[in-house]
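Next come the chains, spelled out residue by residue.
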Amino acid sequence: MADRTIQGGDGIDTFPFPVELSVGGVGMQIGPMGTGRTWHADAPLERVHRIDFHVVMLFGAGPVRHMVDFTEYDAMAGDLLWIRPGQVHRFSRSSEYRGTVLTMQPGFLPRSTVEATGLYRYDLPPLLRPDAAQLAGLQAALGQLLREYEDDSTLPLSLHTAVLRHALTAFLLRLAHLAASSAQALRQRSDSTFTLFRDAVERDFATNHSVSAYADALGYSRRTLVRAVRAATGETPKAFIDKRVVLEAKRLLAHTELPIGRVGVAVGFPDAANFSKFFHQHTDQTPAAFRSELR
């Protein structure tokens, strides 16, 4: 398989589905997680890499820290991690992986199933936390899939493959529903977080330009605040704050006779030079030039 390994322009290797490890060449694998697993002899899982297939891990123990697309996720027992083709990820050196892992080739399922199960919904979160009822359904479906996968002697290969596709589809439909509902809940939390942040900025932007200070005041981690603001606006919290400060400065410069130094003080810059530098960085104009352009 070494000759099939592809290195991207960013220097990150992409590894193909390990067909030689599957049962009867079927385009999926399922089995216990544990030490010693690898996609390739020369590819330590602790190294950042891509894969061209799907991986779903149902954890039986935790915590486990796993990086997906340069975000660290902390999984506990009963959580699932769904990594899609092309995503960059890395296994943790310090975490012990226990549970069940499912891998599948993109072409193993028909297009209708791919669409119904959202196999390429990269907007959905990789880390999924089912409730007790959802987990029981997923475990039952995964257990049935594992039994069908291991029973390769009672049916001809064509029928065995067909049964596997049906069992895999049943599991993925449950997984897709969980992923979609998790994404909706995350959006609702993000919307709520952003609304609180937006209101706080509107109230305090003239005296508070610190993202960490807003996060602390609202009771969120800085990372949570960054995710919420980016989801709502496509911007960082710092960019959102700065944009509001610039808007107020423009209003004061355009519609009042306040000296430029006083305008700076009004938006949180006691030092006039710092205000001018900040304004120029965000508008490519000095405050004086902006004002004169409007007069």
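Asks: Is there a simple way to explain the nonpolar core in this structure?
Replies: Proteins that are soluble and globular tend to have nonpolar side chains buried together. By size, the foremost hydrophobic cluster in this structure holds 29 residues, and its most contacted members are M28, L80, L145, L168, F171 and L175. Grouped together as the second largest cluster of nonpolar side chains are 24 residues, V201, L225, I241 and A249 included.

Asks: How should I be thinking about the side chain of S92 in this particular structure?
Replies: Mapped onto the fold, S92 is located in the loop between β9 (88–90) and β10 (99–104). A polar atom in the side chain of S92 sits 3.2 Å from the backbone nitrogen of S94. Here S92 is in contact with E46, R65 and Y97, once residues within four sequence places are set aside.

Asks: Could you clarify how one ought to interpret the environment of R198 in this entry?
Replies: Summarising the element assignment, R198 is placed in helix α3 (residues 157–204). Linking R198 and P237, residues 39 residues apart in sequence, is a C-alpha distance of 9.4 Å.

Asks: Can you walk me through the pattern of salt bridges in this structure?
Replies: A side chain with one charge can pair with a side chain of the opposite charge if their charged atoms come near. This structure, assessed with the given rule, holds 11 salt bridges. E72 serves as the salt-bridge partner of R90, at 3.0 Å between the closest nitrogen and oxygen. Within this pair, whereas R90 is found in strand β9, its partner E72 is found in strand β7 (residues 71–75), the two being separated by 18 residues in sequence. R198 is the partner of D199 in a salt bridge, and the nearest nitrogen-oxygen pair spans 3.5 Å. Taking relative accessible area as the criterion, R198 reaches 37% and is therefore assigned partly exposed. Ionic contacts of the salt-bridge type, sharing partners, join the residues E202, R244, E248 and R251 into one network.

Asks: When you look at the sheet that holds strand β11 (residues 127–128) in this model, what are you seeing that I'm missing?
Replies: In a beta sheet, neighbouring strands pair by backbone hydrogen bonds and run either parallel or antiparallel. Here we have 5 strands laid out as an open sheet, ordered β3-β10-β5-β8-β11, and antiparallel in their pairing. Looking at the sheet topology across the chains shown, the edges are occupied by β3 (28–32) and β11. Pairing of strand β5 (residues 54–59) with strand β8 (residues 80–83) involves 4 bridges; the strand directions are antiparallel. Note that in β8 the partner of V56 across the bridge is W82.

Asks: Got a minute to help me understand unusual backbone geometry in this structure?
Replies: Leaving glycine out, the prevailing phi sign among residues is negative, and the prevailing peptide bond configuration is trans. At the junction of G62 and P63, the peptide bond is cis and its omega measures out at 5° in the coordinates. Looking at where P63 falls in the secondary structure, it is placed in the loop between β5 and β6 (64–68). Residues other than glycine seldom take positive phi values, yet D69 does so here, at roughly 50°. For D69, a relative accessible area of 37% gives the class partly exposed. Located in the positive-phi region is D284, a residue other than glycine, with phi close to 65°. Here D284 is to be found in the loop between α8 (272–283) and α9 (287–294).

Criteria and thresholds
Residues numbered from 1 in each chain as written. Predicted model: local features only at pLDDT ≥ 70, side-chain atom pairs only at ≥ 80, totals over all residues. Heavy atoms only, no water. Core = buried A, V, L, I, M, F, W, Y, C linked by side-chain atoms within 4.5 Å. Buried < 20%, exposed > 50% of the residue type's maximum accessible area, 1.4 Å probe, protein only. Helix = DSSP H or I, 4+ residues; strand = E, 2+ residues; numbered from the N terminus. Polar contact = N/O pair within 3.5 Å; in protein donor to acceptor, adjacent residues only side chain to side chain. Contact = heavy atoms within 4.5 Å. Salt bridge = Lys/Arg side-chain N within 4 Å of Asp/Glu carboxyl O. Pairing = 2+ DSSP bridges.

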